[in-house]
Each structure stands twice: as C-alpha cells, then as structure tokens.
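An overview of the molecular structure
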Amino acid sequence: MKRSIKFILFILIAASLSSCEQDGVQTSANGRIAIAVNAGIRTRAVDNQWEEGDAIGITMFTKTTNQLAEGNYMNCRYSTTAGAIGNFLPSSLEETIYFPKDGSEVDFLAYSPYRKNFKATEKLPLTLAVQTSQSELDFMTAEHLEGTTKETPNVKLRFYHRLTKLIFNLKTETGDDAVRLIGSKITVTGMPLSGDFHPENKTVMADAATVGDLTIAGDTQTGTKGEVTVFPRPSAKGVGFQIELTDGSIYSVKMSDTLNLNGGYKYTFNITLKKTPTTVSADIQPWGEGAISGLSALAISTPAENSRNITIGDTMRVYADDKYLVTYTYQTDGSWKSSQPVYWENIGVGKLTVPFRAMTILAAPLHSTQMPDLLISTSKENNRNTGVSFELKRVAAKVKVQLASSDHSLSEQELNRAEITLPDYTTGGTIDNGLFQAGAVKATITTDRGEALLQPQTITIGTTAVVVTIDGNTYKGIASTEIKYNAGEITHLNVNIIKTEIQMSAVITPWSDGADMDLTGKLLNVKTSGSTTDFVAGDKIKVEILQNLPKNASYEYNGTAWITNAPLWWDDLIRPTEIAATMPDTAIISNQKTIHWSIPANQNTATGWKNADLLTVYIASLPAGDAANFTFRHAMSRVKVVIQPGTEFTAADLQNRTILLNGMPQSATVNIIDGSSSELSGNQNITPKETSPLNYEALVIPHGAVAVGTEIITLTLGTDTYPVKLTAPLTFVSGQLHTITVKLSKTNITLSATVEPWGNGQGGTIEIK
C-alpha cells in the first residue's frame, strides 16, 4: 500500500472513537513508556481491513511543532501481525518509539505504505506509472486521534486515502459475445504519472510534465473489470479511455470535461462497447465504507495567533451550509469542544466541499446603547473529512475618550465626574443566522468611563463627534476632519478642555493599526455664511450678548477666519444665549434691540461709502457649545443710477456732470430682529459713489413709498440742470438693489427704475418731459 503524511497542528475535537486497552503497554528497562499503536482506515480500496504484514511509517514531533521529539524517532517502521489486524508493533527493538520521559505532549506523523528512506523534512516522490499492485499504490496519511503523553500511551490513528481510484466495468451490447473481453487492456490517457507528497503543507502534488498513458489489464477471467489509481485533478479537458481487445478492436471514449477527480473518492465508469458508438456512464462514489463506524468527526480549531484574547468557557457558534450546526466551548487545553460529536456524514450530504463560518461574542455590551464584542469568520469552503479552521475577526469598532485640562481650569476630580456620550451615531445592528446586519438608527451612545463598542461608521466634517458633560456644563467636540471607525480598530479621542474651549486629537491604535486622525472643537466659534468674497481682510464685526449687555467682543477678518483678542466664554454666559452681530463694529445695540443709524451725505469717498452700510444678524437662542454661525443681512437699501446718452447726446457730452439723490432720510432706528426701519428723521441730498463712467451707487435708509411727481434725482450738466421726477410711486426696501436708468435727450429725459438682487423689490418706468 502507498499512503501520505499529515501534520496535525490543531487539536481535533468531538471524535467519537473507542480507546485502546492499556494492558499491553510496553516499558523499557529504564522505565520509559513505548507507544502502543492502533490504526483504522476510514475506507479502503480492496477491503476495509488491514492485511497481515502491512507496514506504516511513524515520526514523533513535539506538540504543535515540526521539531522531532525526545529520541529523534523518524520514520520508524510499525506493522500488523497475525491475529492483531489494526494493532501495530515496531518491526524491531531499534524502531520502538518511546514517549518523552518528562511527560511532555507529542504529535505523530504517520503514513502508509512504509518507505525505508523517507524523511519527514523532505518531499516523498510518488509514481503511478506501474499499476500491477493497487494496494501498493494506495497512499494514505493519518490523523492522530488519541495518545499524546506517556500517561496516555495508546496512540490511535485514522488513515485516509489521498489518491483517486478509477474503476471500469466493461460489457458488450446485446447479442455480442462477451468472451471478446477476455484479455482486454484499458489505457487511461492524459493523466500525470508522477508527483510528490509535501510534508510542509500536507499536500499531494502531481507533476504536470509527466502526463502520459496508464495501461492496465482487465481481470484475467472475464476481462470485464479494471482498476487504476491516479492523482486527484480538477475538471479539465484531456483525459480519455482506450479499450483494446485481443481481436484487434479498439474503442476510445473521453471523460467529461466537467468531472472533478477528488482524493479519497472512487469513480466507476460503466462502458458498453458497441460497434458504433461506444457509450459511457459514470458513477461517483465515496471510496467505500470502512470498518470504523463509518463516521468521521468534524474537527474545529482557530489559528493560534487569533486565539490570544479568548478565555476558557467562551463559546463559538458554528454554521455549515448557511445553517446553525452546533456550539463549541473553549477548553483549558486551547481546543474547542462541542457537547456531542458532529460527523461529516451529517453535513452537506452529497457535496465535495461545504461552506463553514463561525461567530463568538467575547464580551457583552458595555452599555445598552453599545455593541457586544462580536467576532465573525468569513465563509470558507472546506473539503470533506478535513479539520475546519476559523479566522475570527472583530465586527465592532472601539473608541476610547481620554479627558485632560492642560491649563488646570478643570480639576482631576471634575474630569473624573464627566459623562461622555457620542451623539447621533448609527446604531441598531442585529445578528441574523450568525451574520451581522448593520443598523441605521441614529441614537446617542453612552460610554463606559470613556469607552464604547460601536458599529463601524464614518463621522463627517462639522459633525459633533463627542459631548462631555461636567457638573451641568456641556462641551462639544466638532470633527474638523473625517473620522472613520473601522472594525477591529480602537480610535482614541484625546480631549483637552481649557475652560470651555475644547481641543481634541484622535489617533487609532491596535486592536489593529489604523490611520492617524485629527479632531478639533471650539466653543462660540464665529463663522459667516455665504461667499468669503463678501468680506476683506481688516473687516470688523461686533458680537453682542443681548442678555448680558453691554457684554460684547470685536472680531476681525484676517482673510481666512474671524479672530478676537477677547473671546466670549460660555462659562460666563446665560445659556442658551440670545446673540446678535453688527458690521461695522461701531454700531451700538440698545436694550430695545435697535440701532440708531445715520447715513453720510457724501458717499463718493471710501469712508462715506463704508460708513453708510449696516449689516446685522440676530439669533434668538444659540445652544450652549454651538458655534455662532452668522448669516448677515443688509439693513440699508441700495440704489444704482445709470446715465445713458439719448437723442443728440454722446457719452463724451455727459462728462462734465453731477448727480444728487434728493430728499433721502438722514437717520432712522433699525430693528435688528426683523430689519425694519422706523423713526426716520431729517432729509438730505446724497452724492452717490461713482462706480464707473455714467454709473453711480448709494446706500439709503429704507423708506417709501415716494410719491409720483417727486424730484428724486437732480442731474447737472455744465450749467444746465435736469430734474428727474417719478411717474409711479417707489419704495426703497432693505437688502434690495434698485436700479434707475436715466436717458438724457435734447428734448426729454427717459427714466426707468428696476430692482436687482440684493433681494426682490419693485420696479417701473418713468418718463419725464
């Protein structure tokens, strides 16, 4: 017989096998204990029993290593004797294997048939070119089931076939004499003739370069049967069968291109030889039923490097074929064991491979809003009758929040009293049939002393990443960069609280390595909405806290952000806060939430134009800790005057000109809540700003409606004066741009008035004759 070697690197569990008696334990003169070998064959090609004289090779290794154990026992020859089939004895005293004297555990590597020169550290050549003895080609390797120390000296091995057998049943068609089959020859084409067994990864590898023909004779009596042993191979083209009879007839058929030839299986081909054509039917069967119960126990393990954080008593739910199979418990010896054996024959019946996955919960949630420490393996296809190994990976992400106060404005005792939450995070994940389904429910996650397990997610820029509450004061950390919580990674949020200003950084540390992150937050941070081109460096605004008048601060725009030398701290304010802001910062807000505002008469200077504009913003209730994000509005109305040359006038004729806006209010009271203007006082003529040739602009106090016939514009050209009167009422509205077009002709002046954004207003056409 010919058999292969398998290293047993994981503890196999749930093997339902009878143990050997210890009465026959062999002890040396110095008290050393020899191994007693009992071996069964899972299935066998010829029959289900060992034959007398069958020999196997055994090598003893230190437990879970590839190092020879004490005594350096390599490839020792053990064989069966008459009347003790299945019990193996050493072939000589020199080949007797003894357990280590110190009682340490060992593993065994066993194979059949025995090869004298085999070394466990080298590959074993296999050749199938000569098929005269099928039993000598039956290469098997063993699982080590029992017997690991001198205290348990009965070593139990279970052997498995590693090659593939093809069986041919030949017959002639009805009416054709079957005697023609006597002396038949069967040739298998397209199969490798040689290969190797590799001990380092326990695999049989065929050498594709040795593809050739394997010829066998039919049985000597009838010629109707034949057997050949081949290397396993995946489905592919190129394999055929040729049957040659003594009368010179030759029949050729091809094996299906989709047929896998798996190790440990026999494939029966029923071939009917017709004059034309030849037909083939194939039956795929397990190698056969063995004498040992016919059941192969399922072995479960996890890679050692992934079992470091597992504790005794932890459970793992195993799923096969997408169905719950059984629950295993982690043992003191580092193995997983189920309450009862689980056998391959009951799993994925009829399948060559079966998908497996597993899940375990190492720890319950730290809080009801959090996730448990859930580990799940990916689904993997496993060959039948082999051990299943799972690589379990964490599903949850972990966050650790560390508080500090670098300026000692908060004591260590205060920091220890802090309540830390993660607001508006995605929660609600569930476990369904061993798979994690992420939830989509937004909720606040409560941490346990700053730690939390949560489902993987991303916190976007500008979102509140963490909330810290100390003695009723709330501090918010706003994400200034994207934060990714990844499965199996710890995100550390380092929060430095200086008075009520929060400074934060975030880094990710193992469980596994992750990317570095930054997280910053600031209380009462001043921002402005809209395009930054609305502001230039040097612009100043004043922020007023209306409940604490005259508590305010002046902020200056530096081209990028608004900065101040005297920040407003939430600790000093009533919360939530009623807040307002003005530009310029010289505007004064009264207790009635109004501003008295005056318009300069000459706006054709930089100072006059700037001092005419008033911007305001009002927030009735700003939550504590939120940034003050201001959207300013114009309190004044904007007027644009366009002069156009008409009949018998050119643009050059209009160079020597002046223009006045007549009868505009000089001052008013502006309500910062709704932007309305009231208590208008004084009238004045305004000189507008010349923005380009024949184009003027002015800012005026909102008022109206200005009556029909009012001389709204006076245009002077040289010594001639041209009054421009309204033919329809006109109302000046805050935040709106009113465009008045004046067309000057020798005979008349045509005036049109429109309103353009800032906002929506009224417009019309006025003709003055």
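Scroll up to find the structure this text is about.
For the structure given in this document, a descriptive report is provided here. Predicted model, so just to flag it, every value in this text is computed and none were measured.

This part takes up the overall build of the protein chain. Along its length, the protein chain carries 3 helices and 60 strands. Within the protein chain, the fraction of its 769 residues that count as buried is 47%. Within the protein chain, counting contacts between residues at least 6 apart in sequence, those at least 24 apart form 64% of the total. On the protein chain, roughly 35,500 Å² of surface is accessible, and the fraction owed to carbon and sulfur atoms is 48%.

Attention shifts here to the packing of aromatic side chains. Scanning all chains against the criterion turns up 15 aromatic pairs. Look at F168 and F241: their rings are 4.9 Å apart centre to centre, the planes differ by 80 degrees, and that puts the pair in the edge-to-face class. Here the residue F168 occupies a position in strand β9 (residues 164-172), and F241 occupies one in strand β15 (residues 240-244), the gap between them amounting to 73 residues. For F168, a relative accessible area of 0% puts it in the buried group. Arranged with centres 6.2 Å apart and planes meeting at 65 degrees, the rings of F535 and F632 form a pair that is edge-to-face. In this pair, F535 sits in the loop between β40 (526-528) and β41 (540-545) while F632 sits in the loop between β47 (628-630) and β48 (633-634), placing the two residues 97 residues apart along the sequence. Residues F535 and F632 agree in their burial class; the two are buried. Sitting over the ring of Y319, R357 keeps its end group 4.9 Å from the ring centre.

Here we take up the sheet that holds strand β13 (residues 211-217). Here we have 4 strands laid out as an open sheet, ordered β13-β10-β15-β16, and antiparallel in their pairing. A single partner strand is all that each edge strand has here, and the edge strands are β13 and β16 (250-254). On average, adjacent strands in this sheet sit at an angle of 20 degrees to one another, irrespective of strand direction.

All right, on to the nonpolar core then. In terms of nonpolar packing, the biggest core is built from 43 residues, with W597, M636, V641, I643, L661, I713 and F732 touching the most fellow members. Among the elements that take part in this core, strand β50 (residues 657-671) stands out by supplying 5 residues, more than any other. Each residue touching V641, except ones within four places of it in the same chain, is listed here: I659, L661, L694, N695, Y696, I713, I740 and V742.

Calculation criteria
- Residues numbered from 1 in each chain as written.
- Predicted model: local features only at pLDDT ≥ 70, side-chain atom pairs only at ≥ 80, totals over all residues.
- Heavy atoms only, no water.
- Helix = DSSP H or I, 4+ residues; strand = E, 2+ residues; numbered from the N terminus.
- Buried < 20%, exposed > 50% of the residue type's maximum accessible area, 1.4 Å probe, protein only.
- Contact = heavy atoms within 4.5 Å.
- Areas by Shrake-Rupley, 256 points an atom, 1.4 Å probe, with all protein chains shown as cover.
- Phe/Tyr/Trp six-rings, centres within 6.5 Å; stacked < 30°, edge-to-face > 60°.
- Lys NZ or Arg CZ within 6 Å of the ring centre and 35° of its normal.
- Pairing = 2+ DSSP bridges.
- Axes fitted to C-alpha atoms, helices over the stretch in contact; angles between N-to-C directions.
- Core = buried A, V, L, I, M, F, W, Y, C linked by side-chain atoms within 4.5 Å.

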